[in-house]
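# Observations on the three-dimensional arrangement
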Amino acid sequence: LFLGESQPPDRGYAFCHRLLDYALSHNITRVYTFAAMATQLHPSDDPKVFGVATNGEAIRELQSLEVNLLSEGQISGLNGVLLAAAAERDLPGVCLLGELPYFAAGVPNPKASMAVLDVFAEMSGVEIDLDEIREQSEAVEQALLELLEKMQEAAREDAEIDEESLPVPEPSSETGDESEEESSDESPREPDPKLDYATRDRIERMFEAAREDRSRAVQLKAELDRLGVFEQYEDRFLDLFKKGE
């Protein structure tokens, strides 16, 4: 039994093989590990389950249960190492990853756990009473909704303050036909993808704050969306959560 917050600091590979020695002595035929997948999931939505497997039979089972197969990426910690160690000993392995919101990647999420356990119960034939965790998931969901609302409100307030602090451009002194043509042009203009120095500096400060506290990522995401530049920063934004996967 492993806790995500408490794993051996070293010699994890040898530890996994010792565990497999014990498992094989009890005729274990398949290894399961659980992990998390941080996405833009809204707290009120039902989380999906992602999965990987080390043999074709398990992959087909995952597909029959409509589990989303991972085609790339890595599974950090003993969740992934144990699968590799098991594969070396011809012991099939499966990892099930529960989807949870980016902004709450560091918060225990019973709703994601329940989704994973549902799939595990189907695959293993082990019956699990989920009544208690279901009650916990409802309470956590409500708390996350309230937190998300507060963070979005804080992001809106910060954006308003930043806009007020930006320098006001001087009115143009140009006169004549060219000025009149520009003022009379009623066709919509494309948004300027370039950001001024002050805005880029504000974004960098928000990234730094999100690295120190991932709950600030929602505020960062809201600002990038407001500026229409999320795609420019998407890779860096996703990098904030790699340790939470």
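Structural data are supplied above this passage.
Presented here is a report on the structure given in the accompanying data block. (Residues numbered from 1 in each chain as written. Predicted model: local features only at pLDDT ≥ 70, side-chain atom pairs only at ≥ 80, totals over all residues. Heavy atoms only, no water.)

## Description of the packing of helix H7 (residues 197-212) against helix H9 (residues 230-239)
Put simply, the rule reads: Whenever a helix is involved, its axis is fitted only over the stretch in contact; in every case the axis is a line through C-alpha atoms, and angles between N-to-C directions fall within 0 to 180 degrees. Helix and strand labels come from DSSP, where a helix needs a run of H or I of at least four residues and a strand needs a run of E of at least two; each type is numbered from the N terminus. Angle categories are assigned with fixed cut-offs, so that under 35 degrees is roughly parallel, over 145 is roughly antiparallel, 65 to 115 is roughly perpendicular, and the rest are oblique. The hand of a helix crossing depends on one turn: near helix anticlockwise from the far one by less than a right angle means left-handed, and clockwise means right-handed. Should any heavy atoms of two residues lie within 4.5 Å, those residues are counted as being in contact.
Running from N to C, H7 and H9 point in directions that differ by 20 degrees, and their axes come no closer than 11 Å. One way to sum up the angle between H7 and H9 is to call them roughly parallel. Considering the relative orientation of H7 and H9, their crossing is right-handed. Contact residues: H7 offers Arg200, Ile203, Glu204, Phe207 and Arg211, while H9 offers Gln232, Tyr233, Arg236 and Phe237.

## Things to note about the pairing of strand E2 (residues 49-53)
The test is simple: Per-residue accessibility, obtained with a 1.4 Å probe over protein chains only, is compared with the maximum for each type, and a residue is labelled buried under 20%, exposed over 50%, and partly exposed between these values. Strand pairing requires that DSSP identify at least two bridges connecting the strands.
The buried fraction of E2 amounts to 5 of the 5 residues, a majority that puts the element mostly inside the structure. Of the two faces of E2, both are covered, the one formed by Val49, Gly51 and Ala53 as well as the one formed by Phe50 and Val52. Two elements, E2 and strand E4 (residues 93-101), share 5 bridges in a ladder whose sense is antiparallel. Of the residues in E4, the one forming a bridge with Gly51 is Leu96. Taken together, the 2 bridges between E2 and strand E3 (residues 68-69) define a ladder with parallel strand orientation.

## Let's talk about helix H3 (residues 78-88)
Of the positions making up H3, those classed as buried are Leu78, Gly80, Leu82, Leu83, Ala85 and Ala86. Those residues of H3 that are buried are in contact with helix H1 (12-25), strand E1 (31-39), E2 and E4. Phi for Asp90, located one or two positions after H3, is positive at around 60 degrees.

## Quick notes on the packing of aromatic side chains
Counted only if it meets this: Centres within 6.5 Å are what make two rings of Phe, Tyr or Trp a pair, Trp counting through its six-membered ring; a difference in plane orientation under 30 degrees is then read as stacked, over 60 as edge-to-face, and the rest as tilted. To sit over a ring, a charge needs its Lys NZ or Arg CZ within 6 Å of the ring centre and within 35 degrees of the ring normal.
Within the structure shown, the criterion is met by 5 aromatic pairs. Judged by centre distance (5.6 Å) and plane angle (80 degrees), the rings of Phe34 and Phe120 are edge-to-face. Remark: Phe120 occurs in helix H4 (residues 110-124) and Phe34 occurs in strand E1; sequence separation between them is 86 residues. For Phe120, a relative accessible area of 16% translates into the label buried. Three or more aromatic residues joined by ring pairs form one cluster here, namely Tyr32, Phe34 and Phe120. The aromatic ring of Phe230 is capped on one face by Lys221, whose charged end is 4.5 Å from the ring centroid.

## Quick look at the environment of Pro8
With respect to the helices and strands, Pro8 occurs in the segment before H1. Of the residues examined, Pro8 reaches a relative accessible area of 31% and is grouped as partly exposed. Considered as a pair, Pro8 and Gly77 are 69 residues apart in the sequence and their alpha carbons are 9.6 Å apart. Apart from residues no more than four positions distant in its own chain, Pro8 is found in contact with Phe15 and Leu78.

## Quick look at unusual backbone geometry
Positioned with a positive phi, Asn27 is a non-glycine residue whose angle comes to about 60 degrees. Mapped onto the secondary structure, Asn27 falls in the loop between H1 and E1. Phi at Asp90 is positive, roughly 60 degrees, even though this residue is not glycine. When you line up the elements, Asp90 lands in the loop between H3 and E4. Relative accessible area serves as the criterion here: at 73%, Asp90 is assigned to the exposed category.

## A closer look at the pattern of salt bridges
Applied cut-off: Each reported salt bridge corresponds to a side-chain nitrogen of Lys or Arg within 4 Å of a carboxyl oxygen of Asp or Glu.
Here the structure, examined in full by the defined rule, presents 11 salt bridges. For Arg134, the salt bridge is made with Asp131, and the minimal N-O distance between the two is 3.3 Å. Here Arg134 and its partner Asp131 are both found in helix H5 (residues 131-165), 3 residues apart, which amounts to about one turn of the helix. Among the residues examined, Asp131 registers a relative accessible area of 48% and is labelled partly exposed. With a shortest N-O distance of 2.6 Å, Asp225 and Lys221 are connected by a salt bridge. Within this pair, Asp225 and its partner Lys221 are both found in helix H8 (residues 217-227), separated by 4 residues, close to a single helical turn.

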